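Spelled out from the first residue to the last, the chains are:
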Amino acid sequence: MSDPNSQVALDRSDSRVRHDEGIVGAIRGFFDRVRSGDLGMLPVIVGLVLIAAVFWSLNPVFLAPNNLANLLFDAAAVGCISLGIVCVLILGEIDLSVGSMSGLASAILGVMWVQMGLPVPLAILVALGAGAFMGLVYATLLNRFGMPSFVSTLAGLLAMLGLQLYLLGSTGSINLPYASFLVRFGQIHVMPAWFSYLLAVLPGGLMLWLGLDRMRRRAAVNLSNPGGLSVLLAKAGILTVLLLVAVHYLNGGRGIPWMFGLFVALVVAMNYALTRTQWGRAMFAVGGNREAARRSGINVHRIRMSAFMLCSTLAALGGMLAASRLASSSQQAGTGDVNLNAIAAAVIGGTSLFGGRGSAWSALLGVIVIQAISNGLTLLNLSSSLRYMITGAVLAIAVIVDSLARQSRASHGRG
Amino acid sequence: MTQNQSPSQPILSLRGISKQFGAVQALKDIQLDIHPGEVVALVGDNGAGKSTLVKVLAGVHQPTEGTIQFMGRPVTMDSPGAALELGIATVFQDLALCENLDVVANLFLGHELSPWNLDEVQMEVQAWTLLRELSARIPSVREPVASLSGGQRQTVAIARSLLLDPRIVMLDEPTAALGVAQTAEVLNLIERVRDRGLGVILISHNMEDVRAVADRIVVLRLGRNNGVFTPEDSNADLIAAITGATENAVSRRQARKLEDVER
């Protein structure tokens with residue numbers, strides 16, 4: 001062992017480990033992971049296919065390009081809120097006030113912009129600042145007084161709902177001007193077709209480029225490349241084909257909303273921060289074992305602060321996107337199912353409620369599931385009462401899958 | 001006292017360390033020297049002050065009296081970070097690993113290479129190199145720590161303490177929860193760490209482990225030094241120093257056994 005054998009890659013010297021080579025190996029490794037409870041994105045993709053099939057058979061309009069474009073418009077607002085929820089869930093905390101926060105942000109936007117006539121960017125900045133401030137308050141309550149986030153955010157929910165009602169006053173709702181950029185952004189603006197095709201080939205190309213760079217660097221330091229070139233090419237190829245088909249289909253109708261593009265850009269940025277930076281590593285460490293993280297020199301208080309501030313700020317952004325989508329700031333904004341939809345989306349997408357596990361992509365996939373259900377039920381002319389019940393059931397199923405997968409991971413020794 | 005017999009200068013030397021918690025005198029006038037390339041075992045009964053001494057050395061507690069010299073200079077360690085910066089790494093009893101992260105992430109936790117664009121390839125190479133130097137048997141560094149056995153986790157915890165290039169590694173009960181083979185692996189690892197020229201402080205209740213690897217055995221009793229032994233000294237003397245009497249539960253039990261055999 002002590003004499004490094006240059007023929008064997010550094011990470012291949014232990015004969016006890018099976019190494020999966022090539023495409024067959026990659027597929028075998030995937031099934032092994034799923035069997036041991038490391039489900040990843042699998043449940044949500046299976047769920048999405050099922051939902052699409054059921055609603056399409058009940059009403060073919062569901063899969064019409066224009067309906068899907070509408071779905072994407074609707075998904076962006078809740079998706080932003082859900083992206084913030086992913087951050088606090090990774091820490092094993094929760095923010096129950098994101099709905100109120102989004103409602104408050106839309107009220108701030110309406111009052112400052114329409115009633116007081118202030119410039120839109122200023123109103124947006126103030127709303128985002130209010131979000132950041134609320135996150136700071138929650139984190140401070142947790143860090144200083146050990147107040148569980150479950151309770152502090154519940155208190156925040158009520159307080160911010162009150163502030164929202166107070167700001168909107170007796171009129172109850174403020175209409176945003178239809179001709180303004182913000183409302184057009186939320187209702188009309190779609191990407192030019194050429195640009196959407198460009199965006200469709202970008203992820204596959206990026207994956208190939210980064211993957212080749214990674215393979216070259218690993219080979220240079222005598223590390224093996226699991227899967228190798230064939231798996232990389234297959235993955236990038238499949239991704240590009242799927243995206244091109246989807247984009248082509250959507251461009252057959254209204255096209256792809258810019259608002260959805262903004263949401264996806266945020267998801268990509270969050271994914272980078274969570275997986276490729278020291279901050280992201282610290283987030284998962286604090287969520288997995290807080291004491292271990294502290295002893296490694298991670299500033300747990302600051303990590304919590306960053307997560308809660310990101311969550312509330314993204315909730316404020318989501319609230320303003322919702323306002324621009326509806327062209328109004330109303331007393332109903334952010335109430336009802338917004339809160340639970342955002343949390344459900346993160347959990348359905350595969351972010352664990354127990355902390356230490358999750359991904360920015362879960363907000364994207366989860367919110368599409370939630371919006372697909374809501375959109376499909378609306379197409380079937382079902383009342384919101386039934387919609388609530390079905391969304392509730394889907395959330396329950398997602399949490400059960402999460403719990404079962406967690407138990408299975410524990411018994412298979414995969415954390 | 002048989003201290004200062006080693007020719008080299010001690011890395012760490014404690015002189016007259018006392019620690020008081022209110023009315024309780026947890027440590028009283030403790031002397032301790034750690035030389036490079038030696039394993040010093042710290043033994044004592046429950047309540048002897050081992051944990052307090054460990055916490056003083058880890059910077060968790062500050063001594064009420066006495067001086068700590070590190071590499072010949074008097075130092076104060078007012079936080080765990082200060083001790084780590086000096087070069088005293090502690091592997092705590094509860095392992096303090098994140099089970100949801102893989103081995104590489106755990107090894108580099110808090111000290112990742114290139115924080116804004118993690119250099120996974122370089123970190124993985126360094127992880128393999130370090131583990132190989134320690135002849136550690138970790139099957140894969142890309143599996144979550146949850147999938148490792150107790151001994152492998154202990155190995156990861158010890159390897160992590162070495163990444164920061166310390167002068168002294170302090171191990172608190174490293175074999176307490178381990179099986180026979182895994183204990184042997186950890187003891188091998190301790191010897192390899194010593195052979196790298198580091199000072200090792202080993203806290204253990206297990207006399208067999210202590211005798212297997214320690215160069216000197218420092219006994220604490222009721223917060224005071226109670227003799228320094230070598231692994232060659234007789235078990236009866238060592239037990240007597242730990243329990244504070246030649247007539248003790250261990251000796252009575254052995255005497256009874258002996259009578260049974262003779263009968």
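Small disclaimer: the values here were computed from a predicted structure and weren't measured. Residue positions are given per chain, counting from 1 as you read along its sequence in written order. Working convention: letters from A go to chains and numbers from 1 go to ligands, in the order in which they are written. Given that the model is predicted, a residue must reach a pLDDT of at least 70 before its local features are reported, and side-chain atom pairs must reach 80 or more before they are shown or counted; all residues, however, enter totals for whole chains, interfaces and linings.

## Examining the packing of helix 14 (residues 338-348) of chain A against helix 16 (residues 384-411) of chain A
Pairs of packed helices are described in terms of their axes, by the angle between the two and the distance that separates them. Residues and elements named next belong to chain A. In this description, a line fitted to the C-alpha atoms serves as the axis of each element, helices being fitted only across the stretch in contact, and the angle between N-to-C directions of two axes falls anywhere from 0 to 180 degrees. A helix here means a DSSP run of H or I that spans at least four residues, while a strand means a run of E at least two residues long, and both kinds are numbered starting from the N terminus. At a minimum axis distance of 9 Å, the contact between helix 14 and helix 16 shows a crossing angle of 35°. As for the relative orientation of helix 14 and helix 16, their crossing is left-handed in sense. Mapping the contact onto sequence places Leu340, Asn341, Ala344, Val347 and Ile348 in helix 14 and Thr391, Val394, Leu395, Ala398, Val399 and Asp402 in helix 16. Amino acids are sorted into nonpolar (Ala, Val, Leu, Ile, Met, Phe, Trp, Tyr, Cys and Pro), charged (Asp, Glu, Lys and Arg) and polar (every other residue, Gly among them). Its residues assigned to classes, the contact of helix 14 with helix 16 shows eight nonpolar, two polar and one charged. Left-handed describes a crossing in which the near helix is turned anticlockwise from the far one by less than a right angle; the clockwise case is right-handed. By the convention adopted here, residues are in contact when the distance between their C-beta atoms, placed from the backbone, does not exceed 7 Å.

## Remarks on the pairing of strand 10 (residues 224-229) of chain B
All names here are of chain B. Whether two strands pair depends on DSSP finding at least two bridges between them. Relative to strand 10, strand 9 (residues 216-221) is paired through four bridges, and the arrangement is antiparallel. Within strand 10, the position partnered with Arg221 by the bridge is Arg224. Between strand 9 and strand 10, which pair antiparallel one after the other, the connecting turn spans two residues, and Leu222 there sits at a positive phi close to 50°.

## Topic: the interface of chain A and chain B
Facing 33 residues of chain A, the contacting portion of chain B comprises 28 residues. Sorting the residues of the side of chain A that touches chain B by element identifies helix 8 (193-220), helix 11 (278-288) and helix 12 (290-295) of chain A as the ones contributing at least two each. Examining the composition of the side of chain A that touches chain B, we find that five residues originate from one element, helix 11 of chain A, more than from any other. Of the residues in the side of chain A that touches chain B, the class split is eleven nonpolar, ten polar and twelve charged.

## Here we look at the confidence of the model for chain A
Here pLDDT means the predictor's own confidence in every residue, given as a number from 0 to 100. Residues of chain A with pLDDT of at least 70 account for 95%, and the chain-wide mean is 89. In the predicted structure, residues 1-6 of chain A sits below a pLDDT of 50 and forms four contacts with residues beyond four places in sequence or in another chain.

## Notes on the sheet that holds strand 1 (residues 12-21) of chain B
Residue and element names in this part refer to chain B. Across the sheet, which stays open at both edges, the four strands sit in the order 2-1-4-5 with antiparallel pairing between neighbours. The open sheet has two edge strands with one neighbour each: strand 2 (24-34) and strand 5 (73-75). Strand-to-strand, the axes of this sheet are offset by a mean angle of 30°, without reference to chain direction. As judged from the five bridges shared by strand 1 and strand 4 (residues 65-70), these two strands associate in the antiparallel manner. Within the sheet, the bridge partner assigned to Leu14 lies in strand 4 and is Ile68. Helix-sheet contacts for helix 1 (residues 50-57) involve strand 1 and strand 2, and the interaxial angle to strand 2 is about 60°.

## Focus: the environment of Leu68 of chain A
Residue and element names in this part refer to chain A. Mapped onto the elements of the fold, Leu68 is located in helix 3 (residues 65-90). Along the backbone, Leu68 and Leu262 are 194 residues apart, and their C-alpha atoms lie at a distance of 17 Å. Other than its neighbours up to four places away in sequence, Leu68 contacts Leu63 and Leu250.

## Focus: the packing of helix 1 (residues 22-35) of chain A against helix 9 (residues 228-251) of chain A
Residue and element names in this part refer to chain A. Axis separation between helix 1 and helix 9 bottoms out at 7 Å; the angle between their running directions is 70°. Relative to helix 9, the element helix 1 is oriented roughly perpendicular. Contacts between helix 1 and helix 9 involve Gly22, Ile23 and Ala26 from the former and Gly228, Ser230, Val231 and Ala234 from the latter. Partitioned by chemical class, the residues of the contact of helix 1 with helix 9 number four nonpolar, three polar and no charged. Angles below 35 degrees are treated as roughly parallel, those above 145 as roughly antiparallel, those between 65 and 115 as roughly perpendicular, and all remaining angles as oblique.

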